[in-house]
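Take a look at the letters that make up each chain.
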Amino acid sequence: MEGEIGSFIKVWLSVLTSLCYCYAIGKMVPKGTNRLIFLLPVVCLFLFLPLNLYSPNLGGVTAFFIAWLGNFKLLLFAFDKGPLLAHTSLPLFLAVACLPIKIQRNQPSKSQLNGQVKENPSSKSHQNGHEKENSSTRKSKEGAVNYAIKGLLLVIMIRVYDYSEYMHPKIILLLYSMHMYFHLEIILAISAAMARSLSRLELEPQFNKPYLSTSLQDFWGKRWNLMVTSILRPTVYEPTLRFSSTLIGRKWAPIPSVLSTFVVSALMHELMFYYLGRMTPTGEVTLFFLIHGFFLTVEIALKKALNGKCRLPRLVTGPLTVGFVLGTGFWLFIPQFTRCKVDVRAFEEYAEVGTLLKSASEKVLGILSAK
């Protein structure tokens, strides 16, 4: 474990150094192909660096942060698109580039758009400001409680795995699904909290209660892992949409655009699983995303054809959506974690960390008692 932590530190020092180089390139080289050429070596390096890590926790997080999100952000940055901006400060550039965060852009008011500035705001505007501040504080407190509950549930689930031999395999798959969701959301929340403390900026949420989804379009577009959605939209969906619009018209152009986005997402997930297990892909992860891409395009086509004339109630669409996601996940996606032995290696790491913490606490208590 100590050797892996050393490799982890070296990898992230390489990442930060490379991003400083990218920041300098953004200042000196104009957007376009020339900037892209200068950034491509870093993109290749970011694909290689996760191969130096074998820990499913440290390696998996690093691969997701830099090989996928970081590289896509750099490709957008080459053309002055996406969340990275050349004129921001270096610390903010580094945070946005290597962490799964997106700065929340405040919409200007109508008076600002019209060039009208009021010198003496009314009491009503003061009241609205206080309401927004109170709402932000309330959401922050609710978020902290939410993550605390999920963290506690994650700890309980780790203990429950000790009795997995007495459980039905489907129950174990359900626990793995919940584990993946809680683990991913907590990691992204910690990353966002770190960036927020450094930049003092409001960040967009990473998840939006995916268990309340009422359609596949709602699940993938508005609720599940929104950082990935916000990166795939400008890199894959929008370019394909513009190209498809010239061929089949604006009305039906979203269909090939959605399919293309899911194909790219499938390939990136296959790459993430390769980093986790160093095993040849079986194609099941790709099939999972192709199935979801196909049914999502069917959903979009039906909505356009019916034009809102026939809508099923949320009580029907909600369970159907969540059931479809869980069913296909149990069939194709979740088993990849056991195939790569991610679960076994992750639990071994949890045990090692627990042993290290216990040893450290005993040493601290020994020093205090000696005094």
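Residues numbered from 1 in each chain as written. Predicted model: local features only at pLDDT ≥ 70, side-chain atom pairs only at ≥ 80, totals over all residues. Heavy atoms only, no water.

Draft legend 1. Molecular detail of the overall build of the protein chain. When helices and strands are tallied, the protein chain shows 14 helices and zero strands. Secondary structure elements in the protein chain, listed N-terminal to C-terminal, are α-α-α-α-α-α-α-α-α-α-α-α-α-α. When the 371 residues of the protein chain are sorted by exposure, 40% land in the buried category. Sequence-distant contacts in the protein chain: of pairs separated by 6 or more residues, those separated by 24 or more amount to 74%. Of the roughly 21600 Å² of accessible surface on the protein chain, a fraction of 65% belongs to carbon and sulfur atoms. (Helix = DSSP H or I, 4+ residues; strand = E, 2+ residues; numbered from the N terminus. Buried < 20%, exposed > 50% of the residue type's maximum accessible area, 1.4 Å probe, protein only. Contact = heavy atoms within 4.5 Å. Areas by Shrake-Rupley, 256 points an atom, 1.4 Å probe, with all protein chains shown as cover.)

Draft legend 2. Quick peek at the packing of helix α3 (residues 58-77) against helix α10 (residues 254-277). The geometry of α3 relative to α10 is characterised by a closest axis approach of 9 Å and an angle of 145° between their N-to-C directions. For the pair α3 and α10, the sense of crossing is right-handed. Contacts between α3 and α10 pair G60, A63, F64, A67, W68 and F72 from the former with V264, S265, M268, H269, M272, Y275 and L276 from the latter. (Axes fitted to C-alpha atoms, helices over the stretch in contact; angles between N-to-C directions. Left-handed = near helix turned anticlockwise from the far one by under 90°.)

Draft legend 3. Local environment of empty space enclosed by the protein. Tallied over the entire structure, the rule returns two cavities of 30 Å³ or more. Volume-wise, the largest cavity comes out at about 60 Å³. Contributing to the lining of the largest cavity are E270, F273, Y274, M279, P281, T282, V285, Q336, R339 and C340. Where the lining of the largest cavity is concerned, the elements lending two or more residues are α10 and α13 (335-339). Among the elements that line the lining of the largest cavity, the one with the most residues is α10, at three residues. The residue inventory of the lining of the largest cavity, partitioned by class, reads six nonpolar, two polar and two charged. (1 Å grid on protein atoms, 1.4 Å probe; cavity = no way out; pocket = protein on both sides within 12 Å on 5 of 7 lines; lining within 4 Å. Points joined across faces, edges and corners; volume = space filled by probe spheres on them. Nonpolar A, V, L, I, M, F, W, Y, C, P; charged D, E, K, R; others polar.)

Draft legend 4. Structural detail: the packing of helix α11 (residues 284-306) against helix α12 (residues 314-333). Packing of α11 against α12 leaves a shortest axis separation of 9 Å and a crossing angle of 155°. By the angle class used here, α11 and α12 are roughly antiparallel. For the pair α11 and α12, the crossing hand works out as right-handed. Across the interface between the two elements, E284, V285, L287, F288, F289, I291, H292 and F295 of α11 pack against F324, V325, T328, G329, W331, L332 and F333 of α12. Of the residues assigned to the contact of α11 with α12, the class counts are eleven nonpolar, three polar and one charged. (Parallel < 35°, antiparallel > 145°, perpendicular 65-115°, else oblique.)

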